[in-house]
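Topology and contacts: notes
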Amino acid sequence: MVDDLLQNIRRIAVIGSGTMGSQISMACALAGFETTVVDIVDEALEKAEASLRSRMERDVSKGRRQQADVDAAFDRLSFSTDSDQVVSGADVVIEAATENLEIKRKLFAGFDQAAPEHTILATNSSTIVSSQVADATNRADKVCNFHFFNPALVMKAVEIVPNDQTSTYTIDVMCAVAQRLGKHVVQLHREIPGFVANRLMNALRDEALNLYQAGIASYEDIDVAARDALGHPMGPFELMDLVGIDVSYFIDMAEYDQTGQDAALPHPVLKEKYETGDYGRKTGRGWYNYEN
Ligand SMILES: NC(=O)c1ccc[n+]([C@@H]2O[C@H](COP(=O)([O-])OP(=O)(O)OC[C@H]3O[C@@H](n4cnc5c(N)ncnc54)[C@H](O)[C@@H]3O)[C@@H](O)[C@H]2O)c1
């Protein structure tokens, strides 16, 4: 069944080579897809390649992967700044660019022009539902959310969300792609901003921020409670640093833009932190310090 659905899916274009796009592209290449990752910034592509090579080297040295598999994956993976050219040869496009609706709508309009008729256009957005980009294309039936979790090479789940025009075939193909990537599918029946997993996590994060703001406990101790009392792999403050405080802020703003509900606005403490420019691991400092 999976093989049948993937018969015509050989080439994947991943758009955006940041935190998510870089690892999504590696996951696709490791799974056997001819993959190209695209960015508008050359340095982002160079950084992505360097970080993937060192990550893969570490995985091989720890016995998690075979050198031959990694070499074969790098043979299937390329890096480009020419989106139109890459998309024109792709069977599936996975968009993982900056979390901004205007940017994504422009990108989807461009993909629709450049891609062959059969190509599926998916977005990895954390919040923006695909109907918001599908109407920038003439193929809403081939547009959906395909949402990975950070780090995409490690986290086992992918959320797949149809908009009200997405065809069953598109969802079936994307479920098959997810399976080939070794992911477990969380299939939503209909759209909701933030989907399932992030809505659960955001409820926890906002309560953690409330407790911290009210002076009930330090952020370090709140992280200890989440890790060592609830068994979460990481506390909510550590997770914000991993995801990126900027990304967390943009995700909330995108939800607010979609719903207009004040409750969706970024928590005041998150906003304050965002305005300091300390975004977490990516800038060397967030809630915690990563500079050494
Ligand atoms: N960071 C997370 O934990 C996480 C998890 C799941 C989903 N997401 C979603 O994934 C997407 C990317 O997030 P990220 O954390 O990787 O962001 P990021 O800021 O690390 O990377 C975004 C990349 O997109 C590039 N870009 C911007 N405009 C572009 C364009 N027009 N064409 C090609 N590349 C372009 C940027 O140069 C940058 O390299 C967002 O939609 C976000 O909501 C993020």
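Scroll up a little and you will see the structure.
Cut-offs used in this document
- Residues numbered from 1 in each chain as written.
- Predicted model: local features only at pLDDT ≥ 70, side-chain atom pairs only at ≥ 80, totals over all residues.
- Heavy atoms only, no water.
- Helix = DSSP H or I, 4+ residues; strand = E, 2+ residues; numbered from the N terminus.
- Expected span 1.5 Å × (residues − 1).
- Buried < 20%, exposed > 50% of the residue type's maximum accessible area, 1.4 Å probe, protein only.
- Near = heavy atom within 4 Å.
- Polar contact = N/O pair within 3.5 Å; in protein donor to acceptor, adjacent residues only side chain to side chain.
- Areas by Shrake-Rupley, 256 points an atom, 1.4 Å probe, with all protein chains shown as cover.
- Nonpolar A, V, L, I, M, F, W, Y, C, P; charged D, E, K, R; others polar.
- Core = buried A, V, L, I, M, F, W, Y, C linked by side-chain atoms within 4.5 Å.
- Contact = heavy atoms within 4.5 Å.
- Phe/Tyr/Trp six-rings, centres within 6.5 Å; stacked < 30°, edge-to-face > 60°.
- Lys NZ or Arg CZ within 6 Å of the ring centre and 35° of its normal.
- Patch = residues over 30% accessible without salt bridge, like charges linked within 9 Å, V, L, I, M, F, W, Y side chains within 5 Å.
- Salt bridge = Lys/Arg side-chain N within 4 Å of Asp/Glu carboxyl O.
- Lys, Arg positive; Asp, Glu negative; His and termini not counted.
- Charge placed at Lys NZ, Arg CZ, Asp CG, Glu CD.

What follows deals with helix H8 (residues 168-180). End to end, H8 covers 18 Å across 13 residues, agreeing with the expected 18 Å (1.5 Å per residue, within 8%). Residues of H8 that are buried include every one of Thr-170, Ile-171, Val-173, Met-174, Cys-175, Ala-176, Val-177 and Ala-178, and no others. At the exit of H8 stands Gly-182, carrying a positive phi of roughly 80°.

Inspection of the region around the ligand gives 23 residues, with Met-20, Asp-39, Glu-99, Lys-104 and Ser-126 positioned closest. Met-20 places a polar main-chain atom, nitrogen or oxygen, 2.8 Å from an oxygen atom of the ligand. Alone, the ligand offers 830 Å² of accessible surface; in the complex the protein occludes 86% of this. Where the shell around the ligand is concerned, the elements lending two or more residues are helix H2 (19-30) and helix H6 (101-114). The residue makeup of the shell around the ligand, split by class, is 11 nonpolar, nine polar and three charged.

Formed by 41 residues in total, the largest nonpolar core has its most connected members in Ile-24, Phe-33, Phe-146, Phe-148, Met-174 and Val-177. Per-element accounting of this core gives the leading share, seven residues, to H8. Not counting chain neighbours up to four residues away, the residues in contact with Phe-33 comprise Leu-6, Ile-9, Arg-10, Ile-12, Cys-28, Arg-76, Val-177, Arg-180 and Leu-181. In terms of nonpolar packing, the next biggest core, distinct from the first, is built from 16 residues, Val-38, Val-86, Ala-90 and Val-143 among them.

Glancing now at the packing of aromatic side chains. Considering all chains together, one arrives at 13 aromatic pairs under this definition. Here the aromatic rings of Tyr-212 and Tyr-219 are separated by 5.9 Å at their centres, their planes lie at 70°, and the arrangement is edge-to-face. Summarising the aromatic geometry, the rings of Tyr-219 and Trp-287 are spaced 5.2 Å apart at their centres and angled 55° between planes, so their arrangement reads as tilted. Remark: Trp-287 occurs in the segment after helix H13 (268-276) and Tyr-219 occurs in helix H10 (residues 219-229); sequence separation between them is 68 residues. Here a set of aromatic residues connected by ring pairs shows up, and it is made of Tyr-212, Tyr-219, Phe-237, Trp-287 and Tyr-288. Above the ring of Phe-74, the side-chain terminus of Arg-53 is found at 4.0 Å from the ring centroid. Seen from the ring of Trp-287, Lys-273 lies directly overhead, with NZ or CZ sitting 4.6 Å from the centre.

A surface patch of like charges, here negative, comprises Glu-34, Asp-69, Asp-71 and Asp-75. You can see Glu-34 is positioned in strand S2 (residues 34-38). Taking the relative accessible area as the measure of exposure, Glu-34 reaches 37% and is therefore partly exposed.

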